[in-house]
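# Coordinate analysis (summary)
Listed below, chain by chain, are the residues.
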Amino acid sequence: RAGAPTRALASASAPWYAASPSGRAVTLLCAFASATDRGRWDVFGDFEHGGASACELVAGRDDDEDSDDVGEENGGATMERVDDARREALRRRYSTLRGRVDCAPPPSGTKSRLKRSGFAGARTKPLTRTLVNPDPTLDFDAYDALSYRVRGDGRMYVASVRTENWMTGDSAEDVWQAAFRPPKDEWVDVVVPIEAFVQTHRGRAVRDHSRMSANRVVFLGLAVAGSAEKSLEARRAEADGPFRLDVHSISGLRMTEEELEAHAAAREGTRENYPCGGFAARAVEALDARDDFVNPF
């Protein structure tokens, strides 16, 4: 079910946990615990083309830590030793995507090709060829769903996955999206099955879309949802104003829809309003201190 939040927080291990092919039902894909984590993302919006919206990705401010970079890797490397400091940072810390939506068109006389204002968000930086990842794409074929550990403000947001086209190899058009509206001021897991992402073109759903090339992912994105209203006045009434989305992590889930639903139902009423709960807590707990956490972006 696209956009339907599935709330799932820390609890005892379920039977399927050790039965997944990798031994891990939940895999941490993106952390938002440090400046280096945030540095792997770029903000975007209509402001790049003369629009008046604004957006930034900053450190979350609920904890009392003095340093923003405890446990980070040295020298900007892509592999991070999961020591106690880094694990605690992954548990406690998050980032905030915040700004303001303004659907007003660029001022008269401004040279701009912008046809529609009122959008802002963040996306991962382009993947580069490395020894760890000689092919600058990611393989999400092993995952049945993606879990976004977030705390919202009542607005609707959009999760995006851009892939290479399996026929042409082009990554310009294949953007897959799912809208979600997390409850205001509450940490939750928003679980989006891979099959629930809808292919879009310039923000609009593509009819009779093809299957996602989940083994050729080139970036992930998060954005505040815009307005589909045709008149500027209606768009401004619906969308204009501040937004704030706290993001703890993005995880890949390897489980069936029945397992997802059973896992959520088993913990109904046991939610903890804490950044690292649910599937995020599973992902951090699964990290082996003897291994390295590879943040792919």
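For the structure given in this document, a descriptive report is provided here. (Residues numbered from 1 in each chain as written. Predicted model: local features only at pLDDT ≥ 70, side-chain atom pairs only at ≥ 80, totals over all residues. Heavy atoms only, no water.)

Before going further, it helps to examine the overall build of the protein chain. Scanning the protein chain from terminus to terminus reveals five helices and 15 strands. In the protein chain, buried positions account for 49% of the 297 residues. A fraction of 82% describes how many contacts in the protein chain between residues 6 or more apart in sequence connect residues 24 or more apart. Here the protein chain has roughly 14600 Å² of accessible surface; of this, 48% comes from carbon and sulfur atoms. (Helix = DSSP H or I, 4+ residues; strand = E, 2+ residues; numbered from the N terminus. Buried < 20%, exposed > 50% of the residue type's maximum accessible area, 1.4 Å probe, protein only. Contact = heavy atoms within 4.5 Å. Areas by Shrake-Rupley, 256 points an atom, 1.4 Å probe, with all protein chains shown as cover.)

As enumerated under the stated definition, the model contains five aromatic pairs in all. Ring centres of Tyr94 and Trp187 lie 5.1 Å apart, and the angle between their planes is 75 degrees; this geometry places the pair in the edge-to-face category. Placement of the pair is Tyr94 in the loop between α2 (84-92) and β5 (95-101) and Trp187 in strand β10 (residues 187-193), with a sequence separation of 93 residues. No difference in accessibility class separates Tyr94 from Trp187, as the two residues are buried. Put simply, the rings of Tyr148, Tyr157 and Phe180 pair up and form one aromatic cluster. (Phe/Tyr/Trp six-rings, centres within 6.5 Å; stacked < 30°, edge-to-face > 60°.)

Note on placement: Ser249 falls in strand β14 (residues 241-253). By relative accessible area, Ser249 is classed as buried at 1%. Distance in space between the C-alpha atoms of Ser249 and Leu90 is 8.6 Å, their sequence separation being 159 residues. The residues contacting Ser249, other than those within four sequence positions of it, are Leu28, Cys30, Phe32, Ser147, Tyr148, Arg149 and Ala280. Within polar-contact distance, the side chain of Ser249 engages the side chain of His248 at 2.8 Å. (Polar contact = N/O pair within 3.5 Å; in protein donor to acceptor, adjacent residues only side chain to side chain.)

Turning our eyes to something else, we now look at the nonpolar core. By size, the foremost hydrophobic cluster in this structure holds 41 residues, and its most contacted members are Phe140, Tyr148 and Phe197. Within the second largest apolar cluster, 19 residues are counted, among which are Ala25, Ala89, Leu90 and Ala280. (Core = buried A, V, L, I, M, F, W, Y, C linked by side-chain atoms within 4.5 Å.)

Applying the stated rule across the entire model yields ten salt bridges. Measuring nitrogen to oxygen at the nearest pair gives 2.8 Å for the salt bridge that ties Arg151 to Asp246. Of the two residues, Arg151 is situated in strand β7 (residues 145-151) and Asp246 in strand β14; the sequence distance between them amounts to 95 residues. Residue Asp246 is classed as buried on the basis of its relative accessible area, which comes to 2%. Linking Asp246 and Arg244 is a salt bridge whose minimum nitrogen-to-oxygen distance equals 3.4 Å. Each of Asp102, Arg236 and Asp240 takes part in a single network of salt bridges with overlapping partners. (Salt bridge = Lys/Arg side-chain N within 4 Å of Asp/Glu carboxyl O.)

Its place among the elements puts Val217 in strand β13 (residues 217-224). Linking Val217 and Asp139, residues 78 residues apart in sequence, is a C-alpha distance of 6.3 Å. Sequence-distant contacts of Val217, that is, excluding residues within four places in its chain, are made with Leu127, Thr137, Leu138, Phe140, Val161, Arg162 and Thr163.

This next bit is on the side chain of Ser53. With respect to the helices and strands, the residue Ser53 is situated in the loop between β2 (41-45) and β3 (54-59). Reaching out from Ser53, the side chain makes a polar contact with the side chain of Asp46 at a distance of 2.7 Å. Reaching out from Ser53, the side chain makes a polar contact with the backbone nitrogen of Asp102 at a distance of 2.9 Å. Ignoring any residue separated from it by four or fewer positions in sequence, one finds Ser53 in contact with Asp46, Phe47, Arg100, Val101, Asp102, Gly118 and Phe119.

Worth remembering: the numbers are spatial, not functional.
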